[in-house]
Amino acid sequence: MNIRRFLLTAIMPLFCFTVLAQTGNGPAKGNVTLSATVSYNSYASIEAPEGTLDSYETAAFSTNWSDKKLQVGFEAGWFVSNTWKLNLGGGLHFAYTPGYIGVPGTGDVANGGIPDYRAVPNTRTFVYNVSAGADRYFPTRIDNLYWYSGLRVGFAYGLNEKKYDEAESMGKSIGETWNLRAAFTSGIDYFVLPALYIGVQIDPLAYTYGMSGIQPQPGLKQLQADSHGIGFLAAPTIKIGFIL
């Protein structure tokens, strides 16, 4: 698909929405909204290290939003008045991989021997993120078009645990990370229909603090690293929402 066709495919639905739009649509006290968003990936993830190495090192994960991948998310909102809206969003993921014992080989692989098969680690992964905020809406000269400004705070957490069922294993190893984010945000919403709106959003100023750590063996102190990040005109977001 060439770039011209791609742009037409993306713009035409928005144009059709605009043509079908009725006057008088907009936020109202008591409205509950649910929107799908496309923005940067705010999840925190980490992998537990091998537990039998001679030395370890770690580094703080990037807090730069542009290093993240795009991701589809959701955001719920509630208009406590005609101009103020409270927002809440987030997501959760849990995964479990059962472990299996290793299979010993014969050794001397270079001369035709059978290699060892290491055990498959018993693995648990837990990841979640949550965000909340408030926006103040302002009407514009264009019917059904409103701009807003507000504040967002968010927290993301990731945990990974591994344990190998083999003689040389030193027990469970752990990787853990989290980040805390606060941002001023601004955007526009166009209320196409009484129950449908589309919008774009950006954070003029954002601050993120991140912490990551590993514990290769039980009883060892966690090896940690942290980072601070400040972003300007960060995290552009596209959204389509429904008024329930």
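Residues numbered from 1 in each chain as written. Predicted model: local features only at pLDDT ≥ 70, side-chain atom pairs only at ≥ 80, totals over all residues. Heavy atoms only, no water.

A. Geometry of the environment of A119. Looking at where A119 falls in the secondary structure, it is placed in the loop between β3 (84-97) and β4 (122-139). For A119, a relative accessible area of 5% translates into the label buried. Taking the C-alpha atoms as reference points, A119 and P104, 15 residues apart in sequence, are found 9.7 Å from one another. Those residues in contact with A119, other than ones at most four positions away along the chain, are Y100, I101, G102, Y164, D165 and E166. (Helix = DSSP H or I, 4+ residues; strand = E, 2+ residues; numbered from the N terminus. Buried < 20%, exposed > 50% of the residue type's maximum accessible area, 1.4 Å probe, protein only. Contact = heavy atoms within 4.5 Å.)

B. The side chain of T208, seen in detail. Looking at the element boundaries, T208 is found in strand β7 (residues 196-215). If we skip the residues at most four places from it in the chain, T208 touches T63, N179, L180, R181, S227, H228 and G229.

C. Geometry of the confidence of the model for the protein chain. For the protein chain, per-residue confidence averages 87 on the pLDDT scale, and 89% of positions sit at 70 or higher. Here residues 6-11 scores under 50 on pLDDT; set against residues more than four positions off or in separate chains, the count is 3 contacts. (pLDDT = per-residue confidence, 0-100.)

D. Structural view of the pattern of salt bridges. The tally for this structure, following the rule as stated, stands at 8 salt bridges. The partner of E166 in a salt bridge is R118, with the nearest N and O atoms 2.3 Å apart. With E166 in the loop between β5 (145-163) and β6 (173-193) and R118 in the loop between β3 and β4, this residue pair connects regions lying 48 residues apart in the sequence. A residue is classified by how much of its surface remains accessible, and R118, at 43% relative accessible area, is partly exposed. (Salt bridge = Lys/Arg side-chain N within 4 Å of Asp/Glu carboxyl O.)

E. Here's a closer look at the side chain of N25. Turning to its location among the elements, N25 is positioned in the loop between α1 (3-20) and β1 (32-40). A residue is classified by how much of its surface remains accessible, and N25, at 7% relative accessible area, is buried. Of note is the side chain of N25, whose polar atom sits 3.2 Å from the backbone oxygen of V192. Filtering out sequence-adjacent residues up to four positions away, N25 remains in contact with N144, Y146, F191, V192, L193 and P194. (Polar contact = N/O pair within 3.5 Å; in protein donor to acceptor, adjacent residues only side chain to side chain.)

F. Looking closely at the environment of A195. Topologically, A195 is positioned in the loop between β6 and β7. Of the residues examined, A195 reaches a relative accessible area of 38% and is grouped as partly exposed. Between the alpha carbons of A195 and N25 there is a distance of 8.6 Å; along the sequence they are 170 residues apart. Setting aside its immediate chain neighbours within four residues, A195 contacts G241, F242 and I243.

G. Structural detail: the packing of aromatic side chains. Summed over the entire model, instances satisfying the criterion amount to 11 aromatic pairs. Centre to centre, the rings of W178 and Y209 are 5.6 Å apart; their planes meet at 55 degrees, and the pair counts as tilted. Of this pair, W178 sits in strand β6 while Y209 is found in strand β7, placing the two residues 31 residues apart along the sequence. Joined through ring pairs, the aromatic side chains of F126, Y128, F155, Y157, W178 and Y209 make up one cluster. Stacked on the ring of Y164, the Lys or Arg R118 has its end atom at 4.4 Å from the ring centre. (Phe/Tyr/Trp six-rings, centres within 6.5 Å; stacked < 30°, edge-to-face > 60°. Lys NZ or Arg CZ within 6 Å of the ring centre and 35° of its normal.)

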